Amino acid sequence: MRLTRRALLTATAATGATALVTSAGPAHAATPTGTAAATGTGAAAEADVPALLERAEALLTGGDLDPADPDLAAAVAALDTTAKDLWETLDRGPARTALWADLAPVADPGNFGQSYTRLRTIAIAWATPGTSLTADPAVTDALVAALRFAHDAAYNPARRETGNWWFWEIGAPRALMDSAVLLRHRLPAADLTDYLAVVDRFCPDADRRTNAPTLAETGANRADKAVIVALRGLLGQDAAKLASARDALSDVRDAGRNSLFRYVTSGDGFYEDGSFVQHGAVAYTGTYGVVLLGGIAHLLTLLAGSPWQVADPDVSVLYDAVERSITPVIFEGLMMDAVRGRAVSRERAGDHRDGAAAVAAILLLATGAPAAYAGRWRSLAKGWLTRNRTTPFAELAGLPQIALAKDVLDDDGVAAQQRTGGLHVFADMDRVVHHRPRWAYALSLSSQRIAAYEAGNGENLHGWYTGDGMAYLYDVDDPAQYDDAFWPTVDPYRLPGTTVDTRRRTDLGTGGGTSTYRPANAVAGGSVLHRRYGAVSMELTGTPGSTLRAKKSWFLVDDAVISLGADITATDGRTVETVVENRNLGRDGRPRLVVDGARQPDEQGWSHRFGRAGWAHVEGVGGYVFPGASALHALREERTGTWRDINTGADTAGSTTPFTRRYLTLWVDHGVSPTGARYAHALLPGASATATAVWARSRPVQVVANDASVQAVEARRLGLTAANFWTAGRAAGISSSGPASVLVLRRGDRISVAVSDPGRTLTSVGVELPFRVRAVAEADDTVVVTPGRRGRLTVAVGGSRGHTHHAELVP
């Protein structure tokens, strides 16, 4: 059975009418064929289990694939290479104290967790046609013995959880259950009984944290545990466990309060605006969000057509999340780093790999989703698969995922979706993403609601400023910008878009467990109009030990991003900088830098301070315009670092291999302990030097206010005015009764208005327009319009959590 969409939908032989029987307990004797036959209370009828276990195996191996298929041969070879290396280094001696020398002592949670993962890889190769280990009896015996050794020496019910709980309750039991699925016809029944017992000890319930029973599992952790409990139910033929796994997705025991099929308004999960949060306050769509999607897709597929299939009608929330939450943060098949949290410090989990995981999860979910959803997703996936030529999907995914991708690519009836467009302000996770035809721009903000960073367990040691307004520019011609050793080599004090105190910092997250830092500011977010124009703001408050304060705004106008900073103040006796750009040029990049029409030197180590720069252009990146001219610093440098510098985690530690990359950095120096400093610049992604010079002269977007009370721009040819009010005030003829983000677009016989309260401090805000309003074409229920010579809007923003309110008016 090849793991195609059709095969997955028809693989099961189960029927919904199968009766369930009760057994007195697990059997310990091996069957005559050697097949383990452990059963449990509320045992599932034998007619259902074999087909579902076959499907579980297909989800791991790809099913009945042809290893000679040229589209699959490379993946088979890659699996063989990895598994063969693990097999050859596996300690199979009778006096062993660990399974691999680098994972000693085996009793350490990180070591036995990784040991089980490696054993699973060998088991997958053993069960997959075409590898050098396929069906090898010596491998069979060694795997059975290794699982027994790991149980006896490290992971058994008699042990108490220490260190990172995840290895005990998710990592190890999932790899153990997967291995047991693959070896189910070879495992002695007594061994399987022991392995089910250890899962019952450390992951008995997907709803709860075992080492803290009062703590309800949420988000990705709950989905992961549900899969583990389901596999344990199948291997033990335990209907109660299977029902428990299914119900954990909806949490029927808790009246749906922790259901994965509902929108949340705080804490972990998917939000209605497309945000995804995990660990209470971290924007985590790209890792935990994808894990959640993949876990649920796995369980939906595994149990489809059986008595335990998921029938919750609210599963549509998950279906909607594919296009509402996941798709906007994917660019050309890669996952944006702004939503990957501490995973950016993992050498083996770059943005392309997490992007591939998202595509794989979407394809798997499509195998059983309603046709309307599945058709759109397969079209999206085909677009990503065909356009990602930097790191092809086949180099990142496993055989089951590649088989699903092949099914889509070979289907002439599936049209490749064009690049997604539109502007998204994810108010509930302090992120902004702006897609244009050939580029995308993302902002990573933070507030008292959403963490500036997460670090811990040795991960993300230099993530100090990743949530302080870091700006990510993605270009179709340079998709590897952040995947090419960016994080170990970039200057972590000069991340693009940030305003920083230049003090030296100590490493984050060197202790056990993970921790987050939430700043004190309330304002982070903004308004979006017609999914094309945006006004975004963030009040920057320095971390402990710094008095830095600043008011920052970004205005997204067609093919330009205008960045403003005001009221930049600090009293620490240190220099404060705003980073305009810090571009990774790769190993040997030497793109031209032009400032005000003059080409600058391209040798490494060159630096210069331009007293009054009007515009700059970086070849292959775009233009930068400084309204009114600005002092600008430029630097070319080679930087060397290792992944170990930023990640020393037990299971994710980076290598000590040095990487050297070239960088071109542009920044504004605000001086030592500035008072009321400002900056203004426009980014023109993909623009030529000529176009940049023309833009600088014609000023199609003008800065009309940039101070402590309001920051605003006008694009008069577009009829657009955008303003972020920090207090009650007036700019470009628009007045606001209090802090608000306002966009006004006047075109022909229509005035469009968007208003939000990014600080979430008001119950209502009044906005007065500079022109007459005769009537209301349409408006949100929260907007009351008073027509007249100067149109007035009263917007009820209380309780809207920073989301945008709209009105369409007739002038």
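Not measured: the values here are computed from a predicted model.

**Topic: the overall build of the protein chain**
- Looking only at helices and strands, one finds 16 helices and 37 strands in the protein chain.
- Against the globule reference of 28 Å for 811 residues, the protein chain gives a C-alpha radius of gyration of 28 Å, in line with a compact fold.
- If one aligns the C-alpha atoms of the protein chain with their principal axes, the spans along those axes are about 90 × 60 × 50 Å.
- Across the 811 residues in the protein chain, those meeting the buried criterion constitute 62%.
- Taken as a whole, the protein chain presents about 28,700 Å² of accessible surface, with 50% of it coming from carbon and sulfur.
- The average position of the 82 basic charges and that of the 87 acidic charges among the side chains of the protein chain differ by 6 Å.

**Quick look at the sheet that holds strand β35 (residues 783–786)**
- Sheet architecture is open: five strands sit in the order β29-β30-β33-β36-β35, paired in antiparallel fashion. Each end of this open sheet is capped by a strand with a single partner; those strands are β29 (729–731) and β35. Neighbour-to-neighbour, the strand axes of the sheet open up by a mean angle of 20°, direction not taken into account.

**Details of unusual backbone geometry**
- Omega for the peptide link from A104 to P105 comes to 0°, which places this bond in the cis form.
- Along the polypeptide, P105 turns up in the loop between α3 (70–89) and α4 (109–127).
- Located in the positive-phi region is N457, a residue other than glycine, with phi close to 50°.
- Tracing the backbone shows N457 in the loop between β11 (453–456) and β12 (470–475).
- Of note, A485 is a non-glycine position whose phi angle comes to about 50°, a positive value.
- Tracing the sequence through the fold places A485 in the loop between β12 and α15 (486–489).
- Look at A485 and you get buried, because its relative accessible area is 5%.

**Points about the sheet that holds strand β4 (residues 276–278)**
- Spatially, three strands are ordered β3-β4-β5 in an open sheet, and the strand pairing comes out antiparallel. The sheet terminates laterally at β3 (269–270) and β5 (282–283), the two strands that pair on one side only.
- Bridge analysis of β4 against β5 gives two bridges, and the strand direction is antiparallel. Residue pairing in the sheet places Q278 in a bridge with V282 of β5.

**Remarks on the layout of surface pockets**
- If you add up the space inside the second largest pocket, you get close to 310 Å³.
- Forming the boundary of the second largest pocket are 16 residues, of which D273, V425, V528, T804 and H806 lie nearest the centre.
- Put simply, the parts of the chain that give the lining of the second largest pocket at least two residues each are β8 (422–426) and β15 (524–529).
- Top element by residues in the lining of the second largest pocket is β8. It accounts for four residues.

**A look at the pattern of salt bridges**
- Tallying each qualifying case throughout the model produces 49 salt bridges.
- Note that K406 is salt-bridged to D69, the shortest N-O span being 3.5 Å. Linking K406 in helix α14 (residues 399–409) with D69 in the loop between α2 (49–61) and α3, this pair joins segments that are 337 residues apart in sequence.
- The exposure class of D69 is buried, given its relative accessible area of 15%.
- The partner of D407 in a salt bridge is R378, and the shortest N-O contact between them spans 3.8 Å. Within this pair, whereas D407 is found in helix α14, its partner R378 is found in helix α13 (residues 371–387), the two being separated by 29 residues in sequence. Each member of the pair, D407 together with R378, is buried.
- Linked through salt bridges whose partners overlap, the residues forming this network are D69, D71, K406 and D410.

**Points about the packing of aromatic side chains**
- In total, this model carries 23 aromatic pairs according to the counting rule given.
- Measuring from ring centre to ring centre gives 6.1 Å for Y155 and W168, while their planes differ by 50°; the resulting arrangement is tilted. Here Y155 is found in the loop between α5 (137–153) and α6 (165–182), whereas its partner W168 is found in helix α6, with 13 residues between them in sequence. Both residues of the pair, Y155 and W168, count as buried.
- Ring centres 5.1 Å apart and planes at 45° place the aromatic pair W168 and F202 in the tilted group. Residue W168 is found in helix α6, and its partner F202 is found in helix α7 (residues 189–202); the two are separated by 34 residues along the sequence.
- Through a chain of ring-to-ring contacts, three or more aromatic side chains come together here, namely F331, Y472, Y474, Y482, F486, W487 and Y663.
- The ring of W100 is capped by R118, whose NZ or CZ atom sits 5.4 Å from the centre of that ring.

**Examining the side chain of S259**
- The topology assignment puts S259 in the loop between α9 (239–250) and β3.
- Overall, S259 belongs to the buried group, its relative accessible area being 9%.
- Within the structure, S259 has its side chain in polar contact with the backbone oxygen of L249 (distance 3.4 Å).
- A polar contact is formed between the side chain of S259 and the backbone nitrogen of F261, at a distance of 3.0 Å.
- Leave out the neighbours within four places in its chain, and S259 touches L249, S250 and D251.

**A look at the pairing of strand β2 (residues 212–216)**
- Taken together, the two bridges between strand β1 (residues 208–209) and β2 define a ladder with antiparallel strand orientation. Looking at β2, one finds that R208 is bridged to A216.
- Taking the residues between adjacent antiparallel strands as the criterion, β1 and β2 are bridged by two residues.

**Focus: α7**
- With 14 residues, α7 should cover 20 Å at 1.5 Å per step; its first-to-last C-alpha distance of 20 Å lies within 8% of that length.
- Taken together, the buried positions of α7 are A189, D191, L192, T193, Y195, L196, V198, V199 and F202.
- In this fold, the buried residues of α7 make contact with α5, α6 and α8 (219–235).

**Observations concerning α8**
- In this model, α8 (17 residues) spans 25 Å end to end at C-alpha, consistent with the 24 Å of a helix rising 1.5 Å per residue.
- Most of α8 is tucked away: 17 of the 17 residues are buried.
- Following α8 by one or two positions, Q237 adopts a phi angle in the positive range, close to 50°.

**Notes on the packing of α7 against α8**
- In contact at an axis separation of 11 Å, α7 and α8 are set at 150° when each is read in the N-to-C sense. By the angle between their axes, α7 is roughly antiparallel relative to α8. Helix-helix and strand crossings are classified by hand; for α7 and α8 the assignment is left-handed. Of α8, the residues touching α7 (which contributes L192, L196, V199 and D200) are I228, R232 and L235.

**Observations concerning the confidence of the model for the protein chain**
- Taken over all residues, the pLDDT of the protein chain has a mean of 92, while the share at 70 or more is 94%.
- Note on residues 9–41: pLDDT is under 50 here. Beyond four places in sequence and across chains, it has 75 contacts.

Rules of the game
Residues numbered from 1 in each chain as written. Predicted model: local features only at pLDDT ≥ 70, side-chain atom pairs only at ≥ 80, totals over all residues. Heavy atoms only, no water. Helix = DSSP H or I, 4+ residues; strand = E, 2+ residues; numbered from the N terminus. Rg over C-alpha atoms; globule rule 2.2 N^0.38 Å. Buried < 20%, exposed > 50% of the residue type's maximum accessible area, 1.4 Å probe, protein only. Areas by Shrake-Rupley, 256 points an atom, 1.4 Å probe, with all protein chains shown as cover. Lys, Arg positive; Asp, Glu negative; His and termini not counted. Charge placed at Lys NZ, Arg CZ, Asp CG, Glu CD. Pairing = 2+ DSSP bridges. Axes fitted to C-alpha atoms, helices over the stretch in contact; angles between N-to-C directions. 1 Å grid on protein atoms, 1.4 Å probe; cavity = no way out; pocket = protein on both sides within 12 Å on 5 of 7 lines; lining within 4 Å. Points joined across faces, edges and corners; volume = space filled by probe spheres on them. Salt bridge = Lys/Arg side-chain N within 4 Å of Asp/Glu carboxyl O. Phe/Tyr/Trp six-rings, centres within 6.5 Å; stacked < 30°, edge-to-face > 60°. Lys NZ or Arg CZ within 6 Å of the ring centre and 35° of its normal. Polar contact = N/O pair within 3.5 Å; in protein donor to acceptor, adjacent residues only side chain to side chain. Contact = heavy atoms within 4.5 Å. Expected span 1.5 Å × (residues − 1). Parallel < 35°, antiparallel > 145°, perpendicular 65-115°, else oblique. Left-handed = near helix turned anticlockwise from the far one by under 90°. pLDDT = per-residue confidence, 0-100.

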